[in-house]
Amino acid sequence: DLLSRAVAVAVEKHPRLQDKICTYGTAGFRTKAEDLDHVMYRVGLLAVLAARSRQATIGVMITASHNPEEDNGVKLIDQFGDMMPQAWEVYATQLANTTDKGIPAVLQSIVDVEKIDMSVKAVVFIARDTRPSSVSLSQAVQDGIQALGGDSKDFGLLTTPQLHYIVCCENTKGDYGVPSEEGYYDKMSKAFLSLQNEGANQGNYTPQVYLDAANGVGAPKVTELAGRISKHLQLQIVNDGSQGKLNYRCGADYVKIQQCAPEGLKVEPGMRCASFDGDADRIVYFFLDDQRRFHLMDGDKIATLVAGYLQELVRGSGLSLNLGLVQTAYANGSSTKFITQTMKVPVACVPTGVKHLHHKAQDFEVGVYFEANGHGTVIFSKGAQDKIRQQSKDQSLSPEQKKCAVRLASVMDVINQTVGDAMSDMLLVEVILSHRGWSVADWDAMYTDLPNRQIKIKVQDRTVVQTTDAERKVTSPAGLQEEIDRLVSGFTNGRSFVRPSGTEDVVRVYAEADTQGNADQLAHRVGLAVY
Ligand code: NG1
Ligand code: ZN
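All values derive from a computational prediction rather than experimental measurement.

**Student:** Got a minute to help me understand the nonpolar core in this structure?
**Tutor:** Nonpolar side chains tend to gather and get buried jointly when the protein is soluble and globular. Judged by nonpolar contacts, the single largest core of 140 residues is most densely connected at Val43, Ala47, Val60, Val124, Val306, Leu310 and Val414. In terms of residues, this core owes the most to one element, helix 2 (residues 37-54), which gives 11 residues. Residues contacting Leu310, with those up to four places away along its chain left out, are Leu323, Val366, Val368 and Val378. In this structure, Tyr330, Ala331, Val465 and Ala511 belong to the second largest nonpolar core, which totals 22 residues.

See below:
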């Protein structure tokens, strides 16, 4: 039967050759590519169970995002393009860490708990990033799918958000769009062009972006998009994978953490630049001012720009929708202050990890969420979408209201609501900047970031550090929080917290203060307290 075939193929083609424990965390499974073959095979098995339990198509994305090229990873995408619920993360971890012979027992227990009908047809969509290891790892996933009698459809190279989008379209019967790569470009570019046709190139806005594609899968994909939108946006793409190494001294994570421009991009003052990460689900913008000082527009600044604009469109169109913003503890203190005090938009803070942000954003009719590192999007409740579409067709509105309502409806189509998406976020930022007539410096001037520093500390056992209050306070080890409080109190505008990473074997330290020197010092001292 199916379960014994699952073992036979495992033993023959994808045996578990070592007993390192692999955990399905915030980023799915992620580790050295060489340790992943059997894990991928088992993810294929699990994907079939997930598809059967939902009687829907689900997705498997093979990528390690911003990690070094030698790493790889895998993540399951649920039927509406969202993340799998917690229970499935536990199943994934159990299945990955059992012996080859133990596979049927774990599969059977999942079938029992989830009451899965094994005769249901199962379809799984697969895609991968540009890592050399992704090809064979993708094959391992497909072998797993086949072994349990599922059908796989391999989309080859895609960005992570493209696969989320395609899975969502497939299961919503085209409601969200056409379930193909072409359908994705088509929806995005049409919405973008229609918005820019009516209001592009105003004021200080210039339709040029210099884009660092991290030498990743974003490069060929954004090139596809670029051709369709060149009427209103010229993209100069560097780090396109033709020379440099994936994520090496480039990409959104490098730019955010190092607070400097990537290699491979010759930046001149005033150029509006952006960096994608390795699988194009994160984006940050940056520029050099006239003194050649580096300015970063991270996820917080994108969120602020987006929330402010949406708030204006909602009000302008005569709608009343509750709009809120979701951040994590890494959000710059200045951004939170500006959003709550000046923009008067409610802000919620949740633990790190997109699933927490996405989930919290669902509390609002229009929920904007961004991690400081540039991962984020906007989600509209079903009710809000209906209201906006209705309003955009309402004949009784004033011309100004009508304009806002129509614009809001198009803005919704530029946004990938399934997950943070670098390409979609870039189009959204460009729409807003051009409509506002803003240069990148105008945008940057919304508020000034507090100088900050993020460092990581290698420790024996990172799980010793436990936190509460959306990771802003340490509960264990005893005394550490008191020590952090003591250190912070010595700095003007000081704030610092520590938390165990969910994706690396480290404890992360974040600090902000009135000057860069002080932020660095505070991070350093708190780091010493963690040892
Ligand atoms: P960890 O390693 O748990 O800090 C990192 C990012 C998250 C998220 C995940 C998944 C920071 C501080 N953390 O998590 O925001 O993007 O990776 O990729 O940026
Ligand atoms: Zn990513």
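Okay, back to it.
**Student:** Can you walk me through the UniProt feature "binding site: Mg(2+)" (unreviewed entry) in the protein chain in this structure?
**Tutor:** The UniProt entry lists Ser65, Asp277, Asp279 and Asp281 under the feature "binding site: Mg(2+)" (unreviewed entry), expressed in the numbering used here. Taken along the chain, the residues just named run across 217 residues; in space they keep tight, none of their C-alpha pairs more than 8.1 Å apart. With respect to the helices and strands, the residue Asp277 is situated in the loop between strand 8 (273-276) and strand 9 (283-288). By C-beta crowding, Asp277 is classed as buried, having 32 other C-beta atoms within 10 Å.

**Student:** Help me understand helix 4 (residues 103-114), please; the structure alone is not making it clear to me.
**Tutor:** Three or four residues apart is the spacing at which side chains of an α-helix point the same way, because the helix has 3.6 residues per turn. If you check helix 4, its first and last C-alpha atoms are 17 Å apart, about what 12 residues at 1.5 Å a residue would give, namely 16 Å. Listed in full, the buried residues belonging to helix 4 are Ile103, Val106, Leu107 and Ile110. The buried residues of helix 4 occupy one face: seen down the axis, they fall within an arc of 100 degrees. With respect to the buried face of helix 4, the exposed residues turned more than 90 degrees away are Ala105, Gln108 and Asp112. Those residues of helix 4 that are buried lie in contact with helix 1 (2-13), helix 2 and helix 3 (86-97). At the C-terminal side of helix 4, Lys115 shows a positive phi close to 50 degrees.

**Student:** Looking at this structure, how should I read the environment of Ser398?
**Tutor:** Mapped onto the fold, Ser398 is located in the loop between helix 13 (382-393) and helix 14 (399-414). Separated by 80 residues in the primary sequence, Ser398 and Gly318 place their C-alpha atoms 9.4 Å from one another.

**Student:** I'm lost on the site of ligand 1 in this one. Help?
**Tutor:** Residues in contact with ligand 1 amount to 14 residues; listed here are only the nearest, Ala27, Asn373, Ser501, Gly502 and Thr503. Here the residues of the shell around ligand 1 sort into 2 nonpolar, 9 polar and 3 charged.

**Student:** Explain the pairing of strand 14 (residues 376-380) to me, please; I cannot follow it from the model alone.
**Tutor:** Residues in a regular strand project their side chains so that they alternate between the two faces of the sheet. For strand 14, a buried count of 5 out of 5 residues is recorded, marking the element as mostly surrounded by other parts of the structure. Between strand 13 (residues 366-370) and the antiparallel strand that follows it, strand 14, lie 5 residues; Gly374 among them carries a positive phi value of about 105 degrees.

**Student:** Would you mind going over the sheet that holds strand 5 (residues 151-157) with me for this structure?
**Tutor:** Strands in a sheet are paired, the pairing made by backbone hydrogen bonds, and the direction either parallel or antiparallel. Taken together, the 5 strands give an open sheet; going across it, the order is 1-3-2-4-5, and neighbouring strands pair in mixed fashion. With partners counted over all chains shown, the strands left at the sheet margins are strand 1 (29-32) and strand 5, one partner each. Between one strand and the next, the sheet's axes are offset by a mean angle of 15 degrees, whatever the strand orientation. Here 5 bridges tie strand 2 (residues 58-62) to strand 4 (residues 123-128), and the two strands are oriented parallel to one another. Pairing of Ile62 across the sheet is with Arg128, part of strand 4.

**Student:** In this structure, what is going on with the UniProt feature "binding site: substrate" (unreviewed entry) in the protein chain? I would like to understand it.
**Tutor:** According to UniProt, the "binding site: substrate" (unreviewed entry) feature falls on Glu371, Ala372, Asn373, Arg499, Pro500, Ser501, Gly502, Thr503 and Arg508. For Asn373, a count of 24 C-beta atoms within 10 Å translates into the label buried. In contact with Asn373, not counting residues within four places along its chain, are Ala252, Asp253, Lys256, Arg282, Asp298 and Gly299. Relative to the elements of secondary structure, Pro500 occurs in strand 18 (residues 495-500). Non-local contacts of Pro500, meaning those with residues more than four positions away in its chain, are made with Arg462, Thr463, Val465 and Val507.

Criteria and thresholds
Residues numbered from 1 in each chain as written. Chains lettered and ligands numbered in written order. Predicted model: local features only at pLDDT ≥ 70, side-chain atom pairs only at ≥ 80, totals over all residues. Core = buried A, V, L, I, M, F, W, Y, C linked by C-beta atoms within 7 Å. Buried ≥ 20, exposed ≤ 12 C-beta atoms within 10 Å, placed from the backbone. Helix = DSSP H or I, 4+ residues; strand = E, 2+ residues; numbered from the N terminus. Contact = placed C-beta atoms within 7 Å. UniProt positions renumbered as here; feature names shortened; annotations may be inferred. Expected span 1.5 Å × (residues − 1). Arc of directions from axis to C-beta. Near = placed C-beta within 6 Å. Nonpolar A, V, L, I, M, F, W, Y, C, P; charged D, E, K, R; others polar. Pairing = 2+ DSSP bridges. Axes fitted to C-alpha atoms, helices over the stretch in contact; angles between N-to-C directions.

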